[in-house]
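For reference, the chains in residue letters:
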Amino acid sequence: DGSHGQTIVGMTSFEVIHEDIISEIVEIYPLLSPYIDANRPLYDAAMKKWADNIIDNGVPHNNWNLFQAIFVIKIAGILQEDAQYTDGKGKNYYIDHIVNKNSIRQWSIAKLADYGFDAATGIWYESPGYSVNVVADMAEFANRMDRDYGIDFYASIPIITQSIEAAAQYLMPNRMICGFGDTHPNYLSQRAADNIIDYARRHGKKSLEERFMKFKKAIQKDASVDEIENYCSPVFYAPNASWLMQRSGMDSQHDLAISLNGSLGNHQHANGISMELYGKGFVLGPDAGIGRGLYSGQDYKEYYSQFPAHNTVCVNGKSSYPVMMSSH
């Protein structure tokens, strides 16, 4: 009907970022080559149409763009060289589109990184529940591109490396991430560190490997205070996520912390006074986060994403605002 819903729908899913069946299909594809080869043009045309739909639909300026890129690259991996197709759109065409091209709904990885990461801090501009996963996905994607295609995003987009270590700034003294915006508090994943370590070992970059082995050890929940304090500043401010963190240290029982944020950034809420305090092993007044039902229920629309969940009833005479990138 020409609505926004039409601009994000996939071939098999209501959103292009949920075309997860692609992952299984591209693994099966080579195993079925004796059957596929007889009708290869037909099957390849279907996969190319799928990639084109992902490129044409979706959202370019947040985590969606990365999910879309991952699916397109997976499809590219099973296609033949460009010359094998009359339209010239094969493996290298789709790789080039993800690496170098910028279309309306699919930006290159370099443009996405430049838009989403704060150049000074390395913080991604979404709430921590999304940011920590984007960093891990970006690290995994960079490792895949280097391993499979010899394209070194770690070298050409150095902020990816910076962002991995910057994610530790989200940690409260109990080693769990702070909880503003669409977030479920959790321990920091080691997936990003694992991927850059794999990359470093493949290229014999010993100092890089040692650097992130040290980081990986420091972010474990039972790491010593001295180890984790190397990555957590007493005062940290990320302007692109309108977020301020202050800590007296990282001792879970004896240190204090405050996390304070506004609504600038993606997957933020219509925040009033959004503040978490930490002391004696507990987050005091923890942010309600994304809620049990995520975006699907009225509880999210009317409570979790609104001022009452953030210690405020009305702002400027209003008790409700749009959420996501509304930046009130």
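Look above for the structure.
Residues numbered from 1 in each chain as written. Predicted model: local features only at pLDDT ≥ 70, side-chain atom pairs only at ≥ 80, totals over all residues. Heavy atoms only, no water.

J.: Please explain the nonpolar core as it appears in this structure.
T.: Most often, soluble globular proteins keep nonpolar side chains buried together rather than apart. Ranked by internal contacts, the top residues of the largest apolar core, which has 83 residues, are Ile109, Phe141, Phe153, Phe215 and Trp243. Once residues lying within four places of it in the same chain are set aside, the contact partners of Phe141 are Leu66, Ala69, Ile70, Ile73, Ile98, Ile109 and Phe153. (Core = buried A, V, L, I, M, F, W, Y, C linked by side-chain atoms within 4.5 Å. Buried < 20%, exposed > 50% of the residue type's maximum accessible area, 1.4 Å probe, protein only. Contact = heavy atoms within 4.5 Å.)

J.: Explain the side chain of Asn143 to me, please; I cannot follow it from the model alone.
T.: Following the sequence through the fold, Asn143 ends up in helix H7 (residues 128-149). Residue contacts for Asn143: discarding those within four places in its chain leaves Tyr154, Asn195, Asp198, Tyr199 and Arg202. (Helix = DSSP H or I, 4+ residues; strand = E, 2+ residues; numbered from the N terminus.)

J.: Please explain a nonpolar patch on the surface as it appears in this structure.
T.: Taken together, Leu260, Ile273, Met275, Leu277, Phe282 and Leu284 make up a surface patch of nonpolar side chains, about 530 Å² in accessible area. Only strand E4 (274-279) and strand E5 (282-284) provide two or more residues apiece to the nonpolar patch. When its relative accessible area of 34% is taken as the criterion, Leu260 is described as partly exposed. (Patch = residues over 30% accessible without salt bridge, like charges linked within 9 Å, V, L, I, M, F, W, Y side chains within 5 Å. Areas by Shrake-Rupley, 256 points an atom, 1.4 Å probe, with all protein chains shown as cover. Salt bridge = Lys/Arg side-chain N within 4 Å of Asp/Glu carboxyl O.)

J.: Could you clarify how one ought to interpret the pattern of salt bridges in this entry?
T.: Opposite charge on two side chains permits them to pair, given that their charged atoms come into close proximity. As enumerated under the stated definition, the model contains 15 salt bridges in all. For Glu227, the salt bridge identified is with Lys217, shortest N-O distance 3.3 Å. Of this pair, Glu227 sits in helix H12 (residues 225-228) while Lys217 is found in helix H11 (residues 206-218), placing the two residues 10 residues apart along the sequence. The exposure class of Lys217 is partly exposed, given its relative accessible area of 48%.

J.: Would you mind going over unusual backbone geometry with me for this structure?
T.: A negative phi holds for most residues other than glycine; trans holds for most peptide bonds. The phi dihedral of Ser242 is positive, around 45 degrees, even though this residue is not glycine. On the secondary structure map, Ser242 appears in the loop between strand E1 (235-238) and strand E2 (243-247). One non-glycine residue, Lys280, adopts positive backbone phi at about 55 degrees. Structurally, Lys280 is set in the loop between E4 and E5. Exposure remark for Lys280: the relative accessible area of 57% places this residue in the exposed category.

J.: What's the story with the environment of Phe180 in this structure? I'm lost.
T.: Relative to the helices and strands, Phe180 is located in the loop between helix H9 (159-166) and helix H10 (191-202). For Phe180, a relative accessible area of 2% corresponds to the buried category. Considering only alpha carbons, one finds Phe180 and Arg191, 11 residues apart in sequence, at a separation of 22 Å.

J.: What is the right way to read helix H1 (residues 21-31) from this model?
T.: Because the α-helix completes a turn every 3.6 residues, residues three or four places apart line up on one side. Every buried residue of H1 is accounted for by Ile22, Ser23, Val26 and Tyr29. Along the long axis of H1, the arc covered by the buried residues comes to 125 degrees, so they all point the same way. Set apart from the buried face of H1 by more than 90 degrees, the exposed residues are Glu27 and Leu31. Taken together, the buried residues of H1 touch helix H2 (33-36), helix H3 (40-56) and helix H4 (63-76). (Arc of directions from axis to C-beta.)

J.: Would you mind showing me how to read the sheet that holds E5 here?
T.: Hydrogen bonds along the backbone pair up the strands of a sheet, which may run parallel or antiparallel. Strand order in the open sheet formed by 5 strands is E1-E2-E3-E4-E5, and the pairing between neighbours is antiparallel. Lying at the two open borders of the sheet, with one neighbouring strand each, are E1 and E5. Taking each pair of neighbouring strands and ignoring which way they run, the sheet shows an average axis angle of 15 degrees. Bridging between E2 and strand E3 (residues 257-261) involves 5 bridges; their strand directions are antiparallel. Counterpart to Met245 in the pairing with E3 is Ser259. (Pairing = 2+ DSSP bridges. Axes fitted to C-alpha atoms, helices over the stretch in contact; angles between N-to-C directions.)

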